Amino acid sequence: MPTRAEVAAQLRAAVDAAVAEERAAAGARLGRPAPEVDVVVVEGRPLDALLQAATDAGLLVVGCRGHGEWRGLLLGSVALGAAMHAPCPVLVVHPAA
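Note that the structure is a prediction, hence the values are computed from the model and not measured.

1. A few points about the confidence of the model for the chain
Moving on, step 1. Averaged over every residue, the pLDDT of the chain is 87; residues scoring 70 or more account for 90%.
Moving on, step 2. Ranking the elements of the chain by mean pLDDT puts strand S1 (residues 60-63) last with 91 and helix H2 (residues 46-53) first with 95.

So this is what it looks like as structure tokens:
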């Protein structure tokens, strides 16, 4: 059984790789380097972590996976909680069709 530190390190490596891949793709589309992205791995409830991180933010961006035919109309519990309780404006991004 991996330790918490090992799981966190694995998650961090996977997220760093995904972010680097997306930044490279965005840079190729834009024809210039994509903006820097800060990756922070925290432990706890997602909504609590997002609200804490948004304390001094100008904008909180959250994803909404959505399920089923109502996916474009409904928000998940984390996106809804962020929209209701964040100390800043919230942008909810739905997946591409």
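2. Some details on the pattern of salt bridges
Moving on, step 1. Evaluated as defined, the whole model comprises 4 salt bridges.
Moving on, step 2. Linking arginine 12 and aspartate 16 is a salt bridge whose minimum nitrogen-to-oxygen distance equals 3.1 Å. Taken together, the residues span about one helical turn, with arginine 12 and aspartate 16 both in helix H1 (residues 4-30) at a distance of 4 residues.
Moving on, step 3. Note that arginine 45 and aspartate 48 form a salt bridge whose closest N and O atoms lie 3.3 Å from each other.
Moving on, step 4. Given a relative accessible area of 40%, aspartate 48 falls into the partly exposed group.

3. A short note on the pairing of S1
Moving on, step 1. On S1, burial follows the alternation: Leu60 and Val62 on one face are buried, whereas Val61 and Gly63 on the facing-out side are not.
Moving on, step 2. As defined by bridge partners, S1 adjoins strand S2 (residues 90-93) across 4 bridges and the pair is classed as parallel. Residue pairing for S2: valine 62 is matched across the bridge by valine 92.

4. Here we look at the layout of surface pockets
Moving on, step 1. Roughly 550 Å³ of internal volume is contained in the largest pocket.
Moving on, step 2. In terms of residue count, the dominant contributor to the lining of the largest pocket is H2 (4 residues).
Moving on, step 3. Tallied by class, the residues present in the lining of the largest pocket amount to 9 nonpolar, 1 polar and 1 charged.

Thresholds, definitions, all that
- Residues numbered from 1 in each chain as written.
- Predicted model: local features only at pLDDT ≥ 70, side-chain atom pairs only at ≥ 80, totals over all residues.
- Heavy atoms only, no water.
- pLDDT = per-residue confidence, 0-100.
- Helix = DSSP H or I, 4+ residues; strand = E, 2+ residues; numbered from the N terminus.
- Salt bridge = Lys/Arg side-chain N within 4 Å of Asp/Glu carboxyl O.
- Buried < 20%, exposed > 50% of the residue type's maximum accessible area, 1.4 Å probe, protein only.
- Pairing = 2+ DSSP bridges.
- 1 Å grid on protein atoms, 1.4 Å probe; cavity = no way out; pocket = protein on both sides within 12 Å on 5 of 7 lines; lining within 4 Å.
- Points joined across faces, edges and corners; volume = space filled by probe spheres on them.
- Nonpolar A, V, L, I, M, F, W, Y, C, P; charged D, E, K, R; others polar.

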